[in-house]
Amino acid sequence: MPVEVAADVSLPAVVRMPQTGCYVGASDVTAPAVEHVYVLAHRIDDTQVYQHLPPTPEAD
């Protein structure tokens, strides 16, 4: 998935990636897309390291 960079070609602090697609299973209904969120955790030399944030439980 393409990720937009700033004018100075730096990556964003937060990246959101939707997980979509077709899966073979018992359900006839397609599940909604799941969004995965990654935040810039730190840098190692010139490499930016992102950390996956687990989804927060939805309030009922």
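Heads up: these notes are all about the structure in this document. Just so we're clear, the structure is a prediction, and the values are computed from it rather than from any experiment. (Residues numbered from 1 in each chain as written. Predicted model: local features only at pLDDT ≥ 70, side-chain atom pairs only at ≥ 80, totals over all residues. Heavy atoms only, no water.)

What to know about the sheet that holds strand β2 (residues 34–44)
Point 1. If you trace the three strands from one edge of the open sheet to the other, you get β1-β2-β3, paired in antiparallel fashion. Looking along the sheet, the strands with just one partner apiece sit at the ends: β1 (14–19) and β3 (47–53). The average undirected angle you get between the axes of adjacent strands in this sheet is 35°. (Pairing = 2+ DSSP bridges. Helix = DSSP H or I, 4+ residues; strand = E, 2+ residues; numbered from the N terminus. Axes fitted to C-alpha atoms, helices over the stretch in contact; angles between N-to-C directions.)

Concerning a nonpolar patch on the surface
Point 1. Judged by side-chain polarity, Val-3, Val-5, Val-9 and Leu-11 come together as a nonpolar surface patch covering roughly 320 Å² of accessible area.
Point 2. Its place among the elements puts Leu-11 in the segment before β1. (Patch = residues over 30% accessible without salt bridge, like charges linked within 9 Å, V, L, I, M, F, W, Y side chains within 5 Å. Areas by Shrake-Rupley, 256 points an atom, 1.4 Å probe, with all protein chains shown as cover. Salt bridge = Lys/Arg side-chain N within 4 Å of Asp/Glu carboxyl O.)

Brief notes about unusual backbone geometry
Point 1. A positive phi angle, close to 65°, is found at Val-9, a residue other than glycine.
Point 2. Structurally, the position occupied by Val-9 is in the segment before β1.
Point 3. What makes Val-9 exposed here is its relative accessible area of 63%. (Buried < 20%, exposed > 50% of the residue type's maximum accessible area, 1.4 Å probe, protein only.)

What is shown is where atoms sit, not what they do.
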